[in-house]
Amino acid sequence: MSKLPTTLRLDRLLANLGYGSRREVQGLVKAGRVTLDGTALSDPDQRLSLAPDLADRMRVAGKPLDPPPGVALMLHKPLGVTCSHKETGPLVYDLLPERWRRRDPALSTVGRLDKETSGLLLMTDDGGLLHRIISPRSHVSKRYHVTLDRPLKGDEATIFASGALMLDGEEKPLLPVAMETVSETSAAVTLMEGRYHQVRRMFAAVGNHVLLLHRDRVGDLDLPVDLAPGQYRILSEADLALVLPPAKPVGAA
Ligand code: URA
């Protein structure tokens, strides 16, 4: 897994953020269109430290610099878009600024939501962060709100919490899942795993059918109520700490 650099040459930074080829961004710099703290930069070879405040301090053609490498964001994924770089039809990446598709390292989704699932989707270009969030060792929970076709029977929470539910075609039972009943035909489930179509298959295993599926929480990070479907927001350090609490020092209780 490649580690993100802490410093980068100006032309490499701009090219990696998708502003153009090395030659094109060198032209932008020479034309005085790249500024730092209001002063035009003239040397495309200048090394810059990739501090989080760089995006506030640097402007390209008068506009704030795109988030430097090491970005993480949350997207309110709408129904009908796919978490993939290459499938046909609307993709989650189409909801981000067009230039971001040319970023290197590229942004990827942290796990996936089905095309017909809405809600909180994390994305990052930091492979280390992505793997820490999806690693089963990190125990990052995911909460889904489920609308069902048929009324709950009453034994679902016990079955899901048992740690013994076996999904069709699988050899290992699911880890315990917590379920709270919301109404006769809706519930919230919190899971630690992310098996293929897990929530839909869990309800199929107890004789029901999921009509609507929406993820509203990852770890302790909630999908903000003011983030409309299709909108995204850059995650702060504080947001990330809600997803993945900082590791305790060795020997700490
Ligand atoms: N479980 C599902 O069935 N689908 C999702 O998108 C996420 C969890």
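Everything numeric here is computed off the predicted structure, so don't read it as measured data. (Residues numbered from 1 in each chain as written. Predicted model: local features only at pLDDT ≥ 70, side-chain atom pairs only at ≥ 80, totals over all residues. Heavy atoms only, no water.)

Caption draft 1: Fine view of the site of the ligand. Looking at the ligand, the residues that line it are L113, D114, T117, Y144, H197, Q198, V199, R200 and L213. Separating an oxygen atom of the ligand from a backbone N or O atom of R200 is a distance of 3.1 Å. Protein chains bury 95% of the 230 Å² of accessible surface belonging to the ligand in isolation. Among the elements that take part in the shell around the ligand, helix α6 (residues 198-205) stands out by supplying 3 residues, more than any other. Across the shell around the ligand, the residue classes tally to 4 nonpolar, 3 polar and 2 charged. (Near = heavy atom within 4 Å. Polar contact = N/O pair within 3.5 Å; in protein donor to acceptor, adjacent residues only side chain to side chain. Areas by Shrake-Rupley, 256 points an atom, 1.4 Å probe, with all protein chains shown as cover. Helix = DSSP H or I, 4+ residues; strand = E, 2+ residues; numbered from the N terminus. Nonpolar A, V, L, I, M, F, W, Y, C, P; charged D, E, K, R; others polar.)

Caption draft 2: Seen up close, the sheet that holds strand β2 (residues 34-36). Judged by pairing direction, the sheet is antiparallel, and its 4 strands sit side by side in the order β3-β2-β5-β6 without closing on themselves. The two strands at the open ends of the sheet, each matched to only one other strand, are β3 (39-40) and β6 (63-64). The sheet contact formed by strand β5 (residues 58-60) and β6 spans 2 bridges and is antiparallel. Residue pairing in the sheet places R59 in a bridge with P64 of β6. (Pairing = 2+ DSSP bridges.)

Caption draft 3: Representation of the domain arrangement of the chain within the structure. The domains assigned to the chain are domain 1 (7-64), domain 2 (72-135 + 225-243) and domain 3 (141-218). Relative placement of domain 1 and domain 2: their C-alpha centres are 25 Å apart. Each partner contributes residues to the interface: domain 1 has 4 residues there, and domain 2 has 4 residues. Between domain 1 and domain 2, the buried area comes to about 450 Å², and carbon and sulfur atoms account for 42% of it. (Domains from an automatic or database assignment. Contact = heavy atoms within 4.5 Å. Buried area = accessible area lost by both parts, 1.4 Å probe.)

Caption draft 4: Geometry of the nonpolar core. By size, the foremost hydrophobic cluster in this structure holds 32 residues, and its most contacted members are V146, F160, V189 and F203. Within the residue set of this core, elements represented by two or more residues are β7 (72-77), β9 (117-124), β10 (142-148), β12 (186-191), α6 and β13 (210-218). There are two domains that each give this core at least three residues, and those are domain 2 (72-135 + 225-243) and domain 3 (141-218). When residues no more than four places from it in sequence are discounted, the contact partners of F203 are V146, L148, L152, F160, M179, V189, N208 and V210. Y19, V25, L41 and L48 belong to the second largest nonpolar core, which has 19 residues in total. (Core = buried A, V, L, I, M, F, W, Y, C linked by side-chain atoms within 4.5 Å. Buried < 20%, exposed > 50% of the residue type's maximum accessible area, 1.4 Å probe, protein only.)

Caption draft 5: Representation of α6 within the structure. By the burial criterion, the buried members of α6 are Q198, V199, R201, M202 and F203. Buried positions along α6 lie against β10, α5 (156-161), β11 (178-183), β12 and β13. Once α6 ends, the next one or two residues include G207, with phi positive near 80 degrees.

Caption draft 6: Region of the structure containing unusual backbone geometry. In the segment running from D104 into P105, the intervening peptide bond is cis, with an omega of 5 degrees. Considering the arrangement of structural elements, one finds P105 in the loop between β7 and β8 (108-109). Positive phi, normally seen in glycine, also occurs at H197, with a value near 50 degrees.

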